[in-house]
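What follows is each chain in one-letter form.
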Amino acid sequence: MSADEILEALDPDQRAVALALTGPVCVLAGAGTGKTRAITHRIAYGVQSGVYAPTSILAVTFTARAAGEMRTRLRELGVGGVQARTFHAAALRQLSFFWPKVVGGAPPRILEHKAPVIAQAANLLSLSVDRVAVRDLSSEVEWSKVSLVTADDYVRATTAIDRPAPAGYDRQTVARLITAYEELKTERGVIDFEDVLLMLADMLNTRHDVAKAVREQYRRFVVDEYQDVSPLQQFLLDQWLGGREELCVVGDPSQTIYSFTGASPHHLLTFATTHPTAQVVRLVRDYRSTPQVVALANRLIAQRGRRGAQALELIAQRPAGPPVGFTVYDDDESEAAGIAARIGRLLAAGTHASEIAVLYRTNAQSEAFEQALAAAGIGYLVRGGERFFARREVREAMVLLRGAGRAADADTPMPDVVRNVLLSVGWSERPPAARGAARERWESMQALVALAEDLSARHQATLRDLVVELDERASAQHAPTVEGVTLASLHAAKGLEWDAVFLASMSEGLMPISLAETEDAVAEERRLLYVGITRAREHLELSYARSRNPGGRASRRRTRFLDGLWPEDGGTRRRVAGSARPAVASTTLTGDYDTELFERLRGWRAQVATETDKPAYTVLADSTMAAIAEKRPASMSELAQVKGIGPAKIDRFGPTLLAMVAGPVRD
């Protein structure tokens, strides 16, 4: 693509990002607003216009998946040579390169998991720990390191922010444990993932030659998901920059959901203060979700009208869709079964299983949905476990496919060869009835089969091409799509999206979770629900169960976050999220109008009213919407004949109204 073509592919706000090529740039990008598109086109435009050398750019992300997606998009734009990596991957690459020169020898081995060393450190201190305590202590050690809090400073720092010590221990004991953990690592000659960032940052800070080499190589930096940067990551970023301001950051304060790990929106929220010359661009056009979904998200994050100064109010760009669903079940078992039945109807209507997700607050909640989906004969995968390319069955399959590629019969279709190879390691045409590990193993191999079929259909690929594709994906941790319903925690769903999303167990104690006892913690739980809502493109349903077990006491109540958003109980008319409350009118609507279209218009009108902060009736009157739903105008001239539609409304709403009329037709 030429430089002009790159710009033409963007909306006005995204184009403003692409044109902001120099100096500090802050992009406040709401969910579904095309932030990755904006920053990759910015890089491509900078390269194509001759402002950037591609090898001088380092783009850092928080997940390998996001880095892989960024590299893929840049390749599609004709730009190669740009480094797009996670903070850890970029730091490890540089540390490994400079270690022999600065320290000598090979770099230390990286400790994959803290838990065994934490457990040993606890034993040395005569602390009684179980698996849960070790997990919590490991998380606390990680928090202290990414927050740049040393063992000597741990008690003072945690006291200052009133951070409770984990697992029932006092702060002094945790400080001693941190010291013991660090000493054990030194004895074993290993480092952890946080040490990679710490050591590189220290090397850049103290070795002028190392800093000079890195800063001459990388002159421009892009940081995605900047609202989740930790003090340690910011410290490393500062060393990379070395006082320069060629930095573009992208983030959304409303999606800060990892503060418990040390992430903080502070650097995003204060970017314009830290960098007074910064250009600030807001992306608010939501291309992902329907107006109904967007309206609910906006109302949720508004927090009863007190919107934060940096919070973004999204503007839906898609046509109106189905109303948001709200359902109350008697118990957890009924909820899981009801959601499985609803998913079955979506599948029957043509929605792919891979485009459906059930999201919940804690990983332990997946079991009920696994059982319900298995009973309904619906395939699923549980997200948040072991990485796809780290699974044993995937590694074995790749070895077998690599070997088969050398002796494959050219006359045999590549997908058939893949099926035959995978049959030898337990794959079958039909999924197993069992759930759990057996089902996940089958889903992994089925994903390889689906990828082979897709490559063969699109590119007439050979088995060797498939192996190359798998190697590239493994390097980027870009897993193929598994054709099953996704079961995931709300945290694991960050950065993903589906056509249909079910938000389950929306009750107090789970949303917000009972452990959220401070005002800040509750605010983060609200943001977590906001993230869940904005994962949905078209279908969104929220539900909760009144009791845990069948026949149990109905003591649960829905989450406080949905107060005022949940349909009124006992009303004769069900109010859906994003629609205006039915007005009390002195006249009664008459005529044989399309009620489904009327409701879509009503939902759209509520969205416009919210965006413009005006009463709904000033957008369109009920009688005007009813006339549109009755006459179903197909052109601007026909629309202009509807009473209540004047030139101003034609100019402002005409295309949108005609698109809504041309939508789903009532049988």
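About the criteria used
- Residues numbered from 1 in each chain as written.
- Predicted model: local features only at pLDDT ≥ 70, side-chain atom pairs only at ≥ 80, totals over all residues.
- Heavy atoms only, no water.
- Helix = DSSP H or I, 4+ residues; strand = E, 2+ residues; numbered from the N terminus.
- Rg over C-alpha atoms; globule rule 2.2 N^0.38 Å.
- Buried < 20%, exposed > 50% of the residue type's maximum accessible area, 1.4 Å probe, protein only.
- Areas by Shrake-Rupley, 256 points an atom, 1.4 Å probe, with all protein chains shown as cover.
- Lys, Arg positive; Asp, Glu negative; His and termini not counted.
- Charge placed at Lys NZ, Arg CZ, Asp CG, Glu CD.
- Salt bridge = Lys/Arg side-chain N within 4 Å of Asp/Glu carboxyl O.
- Axes fitted to C-alpha atoms, helices over the stretch in contact; angles between N-to-C directions.
- Parallel < 35°, antiparallel > 145°, perpendicular 65-115°, else oblique.
- Contact = heavy atoms within 4.5 Å.
- Nonpolar A, V, L, I, M, F, W, Y, C, P; charged D, E, K, R; others polar.
- Polar contact = N/O pair within 3.5 Å; in protein donor to acceptor, adjacent residues only side chain to side chain.
- Phe/Tyr/Trp six-rings, centres within 6.5 Å; stacked < 30°, edge-to-face > 60°.
- Lys NZ or Arg CZ within 6 Å of the ring centre and 35° of its normal.
- Core = buried A, V, L, I, M, F, W, Y, C linked by side-chain atoms within 4.5 Å.
- Pairing = 2+ DSSP bridges.
- pLDDT = per-residue confidence, 0-100.
- UniProt positions renumbered as here; feature names shortened; annotations may be inferred.

Right, let's get into the overall build of the protein. Within the protein, the regular secondary structure consists of 26 helices and 16 strands. Over its C-alpha trace the protein gives a radius of gyration of 27 Å, about what one expects of a compact globule, namely 26 Å for 667 residues. Seen through its principal axes, the protein has C-alpha atoms that stretch 85 × 65 × 60 Å. Here the protein, with 667 residues, has 51% of them falling under the buried criterion. Counting only carbon and sulfur atoms, one obtains 50% of the accessible surface of the protein, whose full area is about 30600 Å². Within the protein, the 82 negative side-chain charges are centred at a point lying 2 Å from the centre of the 80 positive side-chain charges.

What follows is about the pattern of salt bridges. Should their charged atoms come close, side chains of opposite charge can pair. Applying the stated criterion across every chain, the model contains 34 salt bridges. Here Arg537 makes a salt bridge to Glu355, at a shortest N to O gap of 2.5 Å. A residue pair is termed long-range when its members are at least 10 positions apart, and Arg537 in strand β16 (residues 536–547) and Glu355 in the loop between α16 (332–348) and β12 (356–360) qualify at 182 residues. In this structure, a network of salt bridges that share partners links the residues Lys145, Glu182, Lys185, Asp192 and Asp195.

Another point: the packing of helix α10 (residues 193–206) against helix α11 (residues 208–217). Describing two packed helices takes the angle between their axes plus the distance from one axis to the other. Two elements in contact, α10 and α11, have axes whose closest approach is 5 Å; the angle formed by their N-to-C orientations is 105°. Classified by the angle between their axes, α10 and α11 sit roughly perpendicular to one another. Contact with α10, carried on its side by Met203, Leu204 and Thr206, involves His208, Val210, Ala211, Val214 and Arg215 of α11 and no other residues of that element. Taken together, the residues of the contact of α10 with α11 break down into five nonpolar, two polar and one charged.

Mapped onto the fold, Glu225 is located in the loop between β6 (220–223) and α12 (231–241). With a relative accessible area of 15%, Glu225 lands in the buried category. A distance of 2.7 Å separates a polar atom in the side chain of Glu225 from a polar atom in the side chain of Gln227. If sequence neighbours within four positions are ignored, Glu225 has contacts with Lys35, Phe62, Val250 and Lys494.

The subject of this paragraph is the packing of aromatic side chains. Counted by the stated rule, this structure contains 11 aromatic pairs. Aromatic pair Tyr258 and Phe260: ring centres 6.3 Å apart, planes at 50°, arrangement tilted. Residue classification places Tyr258 among the partly exposed residues on the basis of a relative accessible area of 22%. Judged by relative accessible area, Phe260 falls into the partly exposed class, the value being 47%. The interplanar angle of 70° and the centroid separation of 5.5 Å between the aromatic rings of Tyr544 and Trp566 together place this pair among those described as edge-to-face. Linking Tyr544 in strand β16 with Trp566 in the loop between β16 and α23 (595–612), this pair joins segments that are 22 residues apart in sequence. Of the residues examined, Trp566 reaches a relative accessible area of 5% and is grouped as buried. Taken together, the aromatic side chains of Phe62, Phe87, Phe221 and Trp240 make up a single cluster linked through ring pairs. The ring of Trp143 has Arg163 sitting right over it, with the charged end atom 4.0 Å from the ring centre.

Turning our attention to unusual backbone geometry. The step from Met511 to Pro512 runs through a cis peptide bond, and the omega angle for that step is 0°. Structurally, the position occupied by Pro512 is in the loop between β15 (498–503) and α22 (519–533). Despite not being glycine, Ser126 shows a phi value in the positive range, around 60°. Structurally, Ser126 is set in the loop between α6 (115–124) and α7 (131–146).

Our focus in this paragraph is the nonpolar core. Generally speaking, soluble globular proteins have nonpolar side chains that are buried together. The biggest cluster of nonpolar side chains holds 39 residues, and the ones touching the most others in it are Leu236 and Trp240. Contributions of two or more residues to this core are made by β1 (25–29), β2 (57–61), α5 (87–102), α10, α11, β6, α12 and β7 (247–251). Residues within four places of Leu236 in sequence aside, it is in contact with Phe87, Ala91, Leu197, Leu200, Ala201 and Leu204. Among the nonpolar cores identified, the runner-up in size contains 38 residues, and Ala516, Tyr530, Phe561 and Leu565 belong to it.

For β12, the tally of buried residues reaches five of five residues, placing the bulk of the element in the interior. As defined by bridge partners, β12 adjoins β15 across four bridges and the pair is classed as parallel. Paired with Ala357 across the two strands is Val501, which belongs to β15.

Look at α6 against α7: their axes get within 9 Å of each other, and the N-to-C directions meet at 100°. By the angle between their directions, the pair α6 and α7 is classed as roughly perpendicular. Taking contact as the criterion, the partners of Ala115, Ile118 and Ala119 in α6 are, on α7, Val134, Leu137, Ser138 and Val141. In terms of residue class, the contact of α6 with α7 is built from six nonpolar, one polar and no charged.

Spatial strand order, β11-β16-β15-β12-β14-β13: six strands in an open sheet with parallel pairing. Edge positions in the open sheet fall to β11 (325–331) and β13 (380–382), since each of these has one partner strand only. Neighbouring strand axes in the sheet, compared pairwise and without regard to direction, differ in orientation by 25° on average.

Further remarks concern the confidence of the model for the protein. Low-pLDDT portions of the prediction should not be read for the details of their coordinates. In this model, the protein carries an average pLDDT of 86, and 90% of its residues clear a pLDDT of 70 or more. Of all helices and strands in the protein, the one with the weakest mean pLDDT is helix α21 (residues 463–476) (78), whereas β15 scores best (97). Contacts from residues 305–309, a stretch scored under 50 in pLDDT, to residues over four places away or in other chains number six contacts. Counting contacts from residues 569–591, a segment whose pLDDT is below 50, to residues more than four positions away or on other chains yields 41 contacts.

With that settled, consider the UniProt feature "domain: UvrD-like helicase ATP-binding" (unreviewed entry) in the protein. The UniProt record marks residues 8–290 with the feature "domain: UvrD-like helicase ATP-binding" (unreviewed entry), using the residue numbering of this structure. With 52% helix and 12% strand, residues 8–290 has its two end C-alpha atoms placed 24 Å apart.

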